[in-house]
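Here is how the chains run, residue by residue.
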Amino acid sequence: MKRGVLVTGGAGYIGSHTAVELTEAGYEVIIVDNFSNSDRNSLEGIRKITGVEPKFVEADCCDKEAMRRVFEEYEFDSAIHFAAYKAVGESVAKPAKYYRNNLLSFINLLELMLEYGRKNILFSSSATVYGDAEVLPVTELTPRKPATSPYGNTKQMAEDILRDMVAANTGKLCGIALRYFNPIGAHPSALIGELPRGVPNNLVPYITQTAAGIRECLSIFGDDYNTPDGSCLRDYIDVVDLARAHVVAIGRLIEERNKQNYEVFNIGTGRPVSVFELVHGFESANNLKLNYNVAPRRAGDVTAVWADTTLANEELGWRAERELIDTLRSAWEWECNVRKQ
Ligand code: UDP
């Protein structure tokens, strides 16, 4: 029988790509999503890509009784927790909304896992925990910085909750936190991808919407940073590569190859790319010109952050493979395709 993996937030951007990779690796995926920031069409996309109808329950992970029914009904020994709000600016305006949703859903899941004897959990963390690091690239031992937004704080707090729950339940719970750098791009089929609601906050959706004429002009937030071209440096990781990191991490837990009960891995490419490089890369990858201008710095942005991926490379046997140019092509193909759906 196929091994089941519960994927909360599995209709979302990273969740849907992970559902595809898990299915293709032979797992049975059970998706829970309440479509708070995702679209039903992604389930159809997963089905079309894999040829497998994903098992799906529409539920809010904060609703413990609804989640209990998922545990009663489905066989799985592992879970990947994506379900969370992720808009930094909104989290500053509505902190309680973020703390409640992002933490309660996770605590519910962990408690149910213990109650039902399901052992392995992966948590979607973020490079945001490193803040403005003094030494680059960041390793997993780079100290975390105090969060600059409630969103960032929920990632740090959830990491700590996982660490403490695992420590208190030796042999019953094993966890891995994956710290994502900047996920971009879409599945090569262009059947699933990122679907921002309203005006995108992130760079690549803003770029693709500008290229599509939905936004008039991309603002590049600052060209006076202390970097080679003055714009910020980030580590842009292809979403399919990122999804595959989940498959190997969950395999590590299932096959008990983990070295500690709670582990943390950076998931990035290890390569810094500036905003200008990304914009020009997008233009040449897709043979188009983008309307952009330079705007003031955005509050809260760090100058530069990129990953030291040695630990993930050596311990997980994983590395990012897709070329940036292909990733930027996939982002544009998805943007063109999604309007037709
Ligand atoms: N950025 C930009 N214009 C935009 C959105 C983002 O210049 O419309 C820059 C932003 O200042 C940062 C980089 O692009 O340097 C990545 O931002 P994003 O919000 O995608 O990810 P973050 O690193 O902030 O999580």
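Predicted, not measured: the structure shown is a model, and the values here were computed from it.

## Considerations on the pattern of salt bridges
Next, step 1: One pass over the full model with this rule turns up 26 salt bridges.
Next, step 2: For Lys97, the salt bridge goes to Glu90, with nearest N and O atoms at 2.9 Å.
Next, step 3: Among the residues examined, Lys97 registers a relative accessible area of 33% and is labelled partly exposed.
Next, step 4: A salt bridge links Asp224 to Arg297; the shortest N-O distance between them is 3.0 Å. Of the two residues, Asp224 sits in the loop between β8 (218-221) and β9 (233-234) while Arg297 sits in the loop between β13 (292-295) and α10 (310-316), which places them 73 residues apart along the sequence.
Next, step 5: Take Arg297: its relative accessible area is 45%, and that puts it in the partly exposed class.
Next, step 6: Residues joined in a network through salt bridges with shared partners are Arg144, Glu159, Asp160, Arg163, Asp164 and Arg179.

## Quick notes on the pairing of strand β2 (residues 28-33)
Side chains on a regular strand alternate between the two faces of the sheet.
Next, step 1: The buried count for β2 comes to 5 of 6 residues, which makes it a mostly enclosed element.
Next, step 2: Pairing of strand β1 (residues 4-8) with β2, which is carried by 5 bridges, proceeds in the parallel orientation. Bridge pairing in β2 links Leu6 to Ile30.
Next, step 3: Tracing the backbone out of β1, into helix α1 (residues 13-24) and back to the parallel element β2 gives a crossover that is right-handed.
Next, step 4: In this region the chain leaves β2, passes through helix α2 (residues 41-50) and returns to the parallel neighbour strand β3 (residues 55-58); the handedness of that crossover is right-handed.

## Describing the site of the ligand
Next, step 1: Close to the ligand lie 15 residues, the nearest being Leu203, Ser219, Arg234, Arg298 and Asp301.
Next, step 2: At a separation of 2.9 Å, an oxygen atom of the ligand approaches a polar backbone atom of Leu203.
Next, step 3: When the ligand is considered free in solution it has 520 Å² of accessible area, and contact with the protein chains removes 86% of it.
Next, step 4: If you tally residues by element for the shell around the ligand, the top one is β8, at 4 residues.
Next, step 5: Its residues placed into classes, the shell around the ligand shows 8 nonpolar, 4 polar and 3 charged.

Reading the values: the criteria
Residues numbered from 1 in each chain as written. Predicted model: local features only at pLDDT ≥ 70, side-chain atom pairs only at ≥ 80, totals over all residues. Heavy atoms only, no water. Salt bridge = Lys/Arg side-chain N within 4 Å of Asp/Glu carboxyl O. Buried < 20%, exposed > 50% of the residue type's maximum accessible area, 1.4 Å probe, protein only. Helix = DSSP H or I, 4+ residues; strand = E, 2+ residues; numbered from the N terminus. Pairing = 2+ DSSP bridges. Right-handed = clockwise from strand over helix to strand, strands pointing away. Near = heavy atom within 4 Å. Polar contact = N/O pair within 3.5 Å; in protein donor to acceptor, adjacent residues only side chain to side chain. Areas by Shrake-Rupley, 256 points an atom, 1.4 Å probe, with all protein chains shown as cover. Nonpolar A, V, L, I, M, F, W, Y, C, P; charged D, E, K, R; others polar.

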